[in-house]
Amino acid sequence: MNTKEKQKIQTEFKEKMDYDELLNCMRCGFCLPSCPTYIESGKDEAHSPRGRIAMMKAVVDGDIEPDEDVKRSLDLCLGCRACEPVCPSGVNYGHLLEQARDIIYQNSNQSLPIKAARNMAFEHLFPNQKRMIGFTSLVGFYQRSGLQNVTRKTGLLNLFPETLRTMEKVLPAIPKKSEMQNRPRYLPSLTEEKKKVAFFSGCLMDTVFMATNDATTKLLQYAGCEIIVPETQGCCGALHGHSGERERAKEMAKKNIKAFEDEQVDYIITNAGGCGAFLVDYDHLLKDEPNWAERALAFTKKIKDITSILIELNFHQLDLQLDEQIITYQDSCHLKNGQKTFMEPRQLLQSIKGVEYVEMKDASRCCGSAGIYNIVESEMSMQILEYKMEQTKKTNAKTIVTANPGCLLQMKLGIEKEGLSEEMEAVHIVDILLKAYENCNRLTTSN
């Protein structure tokens, strides 16, 4: 950063940062044991929540400049928000992190390649579902056409970093473009109707993970839900909000609020922990906009994770069964720390006959995925994943269950790196629950 950039950033820190929230931090250190980057950096205070808040406050107070060390500390943060539940003062660290990143990224010159990549992703790809479908369908063509086999055999993949090479192996089979374009907008209950819900289908979830979205709506139908899927909804904006693009995130939030607010439903259901945590935070994102604050609050009150509604509708009391195996659960950070959903996934998994549920040590510690963190901060991400895989192996589980697409790919990546693909798999919780239900209800599911 040059001097002019630093001065502008410092001015905006003073004007835009929530100073009262910065003062809420008592620097007690309760957050330190919960922070993966603090632990993996050798307990470097600069990479702890307490340290980052101290730096933010010091920039506001004019004690330090917003230099590259400050930016680096904020960039290295996973944004997992594990510090929030353990904070005795209730500091909203995630809000502070988003504010600081937004100020820095909106006022710093970036290299042309980085600027172009951010512009492509944040302005053109994620906000436009048609483009998302077009882009992911190209990946599907690559998988089905034989190009994938050719690329692997010729060694072209070796031109890419190891993490991207491994990620290419663990991507699910991408649906055809026609399948992604023809998505149902209404689904009736398949049992006695108990609730009318809307489904937030997301961007990547309705393309790369379309099969999991289908499994989610099928579970809701079995649980007694009539389902509306608004056509005008779009990406939740989490990637933008976490990456210093708050204004674009606000635009996307408004689009989603408009898409859902006329639907007379009991809940808006999500199946991705990262999306759900950002959706439930729309009221904070838009709190300073008079025309949107109340509408955002009404929207957030209806957000509910798929596991929560299944417990509410007593899905765990139905007949669920799988082949004998050990399963374990890896928390989605944002599902636990953002949506406060912790016991529901465990209760559902423990209700499946034929399986032994084994709790993983530090199951709620971040796996290192964190959106695109495992790509842009690969070294730290792999350190965190290595610890996670050590704990996973100790459970002797055949199946690792999680509730977020990023976590799912990260755990698949860990399985691949450890050479365990023949004896272990990672699955989304709705996929395993649907299989467990249909194993015991074949007559119902065949109709």
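Given the structure is predicted, the values throughout are model-derived calculations rather than measurements.

1. Here we look at a nonpolar patch on the surface
- A cluster of nonpolar side chains, contributed by Leu 156, Leu 159, Phe 160, Leu 164, Ile 372, Ile 375 and Val 376, occupies part of the molecular surface with about 660 Å² of accessible area.
- Among the secondary structure elements, Phe 160 is positioned in the loop between α10 (147-154) and α11 (162-170).

2. Some words on the environment of Asp 75
- Within the element layout of this structure, Asp 75 appears in helix α5 (residues 68-76).
- C-alpha of Asp 75 to C-alpha of Leu 97: the two residues are 22 residues apart in sequence and 9.6 Å apart in space.
- Within polar-contact distance, the side chain of Asp 75 engages the side chain of Lys 71 at 2.8 Å.
- One polar contact links Asp 75 to Tyr 105, side chain to side chain, over a distance of 2.7 Å.

3. A look at empty space enclosed by the protein
- This model, assessed by the stated rule, comprises four cavities of 30 Å³ or more.
- Of the pockets and cavities examined, the largest cavity occupies roughly 150 Å³.
- The set of elements that each furnish at least two residues to the lining of the largest cavity consists of α4 (49-61) and α6 (83-86).
- Considering every element that reaches the lining of the largest cavity, the biggest residue donor is α4, with three residues.
- For the lining of the largest cavity, the residue count by class is 12 nonpolar, three polar and three charged.

4. Considering helix α7 (residues 93-106)
- Its 14 residues place the ends of α7 20 Å apart at the C-alpha level, agreeing with the 20 Å of an ideal helix rising 1.5 Å per residue.
- Counting buried positions along α7 gives 13 out of 14 residues, so the element sits mostly inside the fold.

5. Overview of the nonpolar core
- Core analysis: the biggest nonpolar cluster contains 46 residues, and Cys 236, Tyr 282 and Phe 299 have the highest contact counts within it.
- Taken together, the elements giving at least two residues each to this core come down to α11, α15 (246-260), α16 (273-279), α17 (282-285), α18 (293-300), α23 (378-394) and α24 (405-417).
- When residues in this core are grouped by element, the largest group, six residues, is from α24.
- Beyond its immediate stretch of four places on either side in the chain, Phe 299 contacts Asn 256, Ile 257, Phe 260, Ile 268, Leu 279 and Tyr 282.
- In terms of nonpolar packing, the next biggest core, distinct from the first, is built from 39 residues, Leu 187, Val 229, Leu 313 and Tyr 357 among them.

6. Points about the sheet that holds strand β4 (residues 267-270)
- With mixed pairing, the five strands of this open sheet are ordered in space as β1-β3-β2-β4-β5. In the strand order of this sheet, the two ends are held by β1 (186-187) and β5 (303-305), each with one partner.
- Bridge analysis of strand β2 (residues 195-199) against β4 gives three bridges, and the strand direction is parallel. Within β4, the position partnered with Phe 199 by the bridge is Ile 269.

7. Considering the state of the cysteines
- Scanning all chains against the criterion turns up zero disulfides.
- Left unpaired, Cys 235 is separated from the closest cysteine sulfur, that of Cys 203, by 3.7 Å.
- The exposure class of Cys 235 is buried, given its relative accessible area of 5%.
- Its sulfur unpaired, Cys 275 is 3.8 Å from the next cysteine sulfur, which belongs to Cys 236.
- Residue Cys 275 is classed as buried on the basis of its relative accessible area of 18%.

Conventions used here
Residues numbered from 1 in each chain as written. Predicted model: local features only at pLDDT ≥ 70, side-chain atom pairs only at ≥ 80, totals over all residues. Heavy atoms only, no water. Patch = residues over 30% accessible without salt bridge, like charges linked within 9 Å, V, L, I, M, F, W, Y side chains within 5 Å. Areas by Shrake-Rupley, 256 points an atom, 1.4 Å probe, with all protein chains shown as cover. Salt bridge = Lys/Arg side-chain N within 4 Å of Asp/Glu carboxyl O. Helix = DSSP H or I, 4+ residues; strand = E, 2+ residues; numbered from the N terminus. Polar contact = N/O pair within 3.5 Å; in protein donor to acceptor, adjacent residues only side chain to side chain. 1 Å grid on protein atoms, 1.4 Å probe; cavity = no way out; pocket = protein on both sides within 12 Å on 5 of 7 lines; lining within 4 Å. Points joined across faces, edges and corners; volume = space filled by probe spheres on them. Nonpolar A, V, L, I, M, F, W, Y, C, P; charged D, E, K, R; others polar. Expected span 1.5 Å × (residues − 1). Buried < 20%, exposed > 50% of the residue type's maximum accessible area, 1.4 Å probe, protein only. Core = buried A, V, L, I, M, F, W, Y, C linked by side-chain atoms within 4.5 Å. Contact = heavy atoms within 4.5 Å. Pairing = 2+ DSSP bridges. Disulfide = S-S within 2.5 Å.

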